[in-house]
Amino acid sequence: VAGYIRGDDIERIFLSGQSQRIKSELYRVIDSSDVLLQVLDARDPMGTRSPHVEKYLSTNCQHKHLVLVLNKIDLVPTWCTKRWLKILSKQYP
């Protein structure tokens, strides 16, 4: 099989299986936890969120608590941090 698959494709196939293992491990950790911390980069909070995990929690695990942690706030202006806190606090008070 390796003779017919190029180097980039082998990497993609490997990562597909690897990501499936990571995903199943993630859901095992979620199921065994009561509180989950989601660490967001203050430079791009929406880009570092995990909507799949948030949806899973809201549909399957309403009893679990999700805490959003805004990290690297020293790298953005104070007004920007305050605005993100206001936006994120509306979704997860």
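Quantities reported herein were computed from a predicted structural model and do not represent experimental measurements. (Residues numbered from 1 in each chain as written. Predicted model: local features only at pLDDT ≥ 70, side-chain atom pairs only at ≥ 80, totals over all residues. Heavy atoms only, no water.)

Let's talk about the overall build of the protein chain
On a plain count of helices and strands, the protein chain comes out with three helices and two strands. Taken from N to C terminus, the helices and strands of the protein chain fall in the order α-β-α-β-α. Split into buried and exposed, the 93 residues of the protein chain put 25% on the buried side. Considering only residue pairs separated by 6 or more positions, the protein chain has 68% of its internal contacts joining residues 24 or more positions apart. (Helix = DSSP H or I, 4+ residues; strand = E, 2+ residues; numbered from the N terminus. Buried < 20%, exposed > 50% of the residue type's maximum accessible area, 1.4 Å probe, protein only. Contact = heavy atoms within 4.5 Å.)

As for the packing of aromatic side chains
Taken as a whole and judged by the stated rule, the model has one aromatic pair. Ring centres of Tyr27 and Tyr56 lie 4.6 Å apart, and the angle between their planes is 65 degrees; on these two criteria the pair is classed as edge-to-face. Within this pair, whereas Tyr27 is found in helix α1 (residues 7-31), its partner Tyr56 is found in helix α2 (residues 51-60), the two being separated by 29 residues in sequence. (Phe/Tyr/Trp six-rings, centres within 6.5 Å; stacked < 30°, edge-to-face > 60°.)

Considering the confidence of the model for the protein chain
Taken residue by residue, the protein chain gives an average pLDDT of 84. The fraction at 70 or more is 81%. The secondary structure element of the protein chain with the lowest average pLDDT is α1, at 73, and the one with the highest is strand β1 (residues 35-41), at 94. (pLDDT = per-residue confidence, 0-100.)

Notes on the pattern of salt bridges
Enumeration according to the criterion identifies four salt bridges in this entry. The closest approach of N and O atoms between Arg28 and Glu25, which form a salt bridge, is 3.1 Å. In this pair, Arg28 and Glu25 both sit in helix α1, three residues apart, roughly one turn of the helix. Overall, the relative accessible area of 51% leaves Arg28 in the exposed class. A relative accessible area of 41% means that Glu25 is categorised as partly exposed. Ionic pairing is found between Asp41 and Arg43, a salt bridge with its closest N-O pair at 2.7 Å. Note on Asp41: relative accessible area 17%, which makes it buried. Under the relative-accessibility criterion, Arg43 is labelled partly exposed at 48%. Linked by salt bridges that have partners in common, Asp41, Arg43 and Lys72 make up one network. (Salt bridge = Lys/Arg side-chain N within 4 Å of Asp/Glu carboxyl O.)

Some remarks on the pairing of strand β2 (residues 65-71)
Where burial is concerned, the two faces of β2 differ: the one with Leu66, Leu68 and Leu70 is buried and the one with His65, Val67, Val69 and Asn71 is not. The pairing of β1 with β2 spans seven bridges and is classified as parallel. Its bridge partner being in β2, Val35 is matched across the sheet by His65. In this fold, the crossover linking β1 to β2 by way of α2 has right-handed handedness. (Pairing = 2+ DSSP bridges. Right-handed = clockwise from strand over helix to strand, strands pointing away.)

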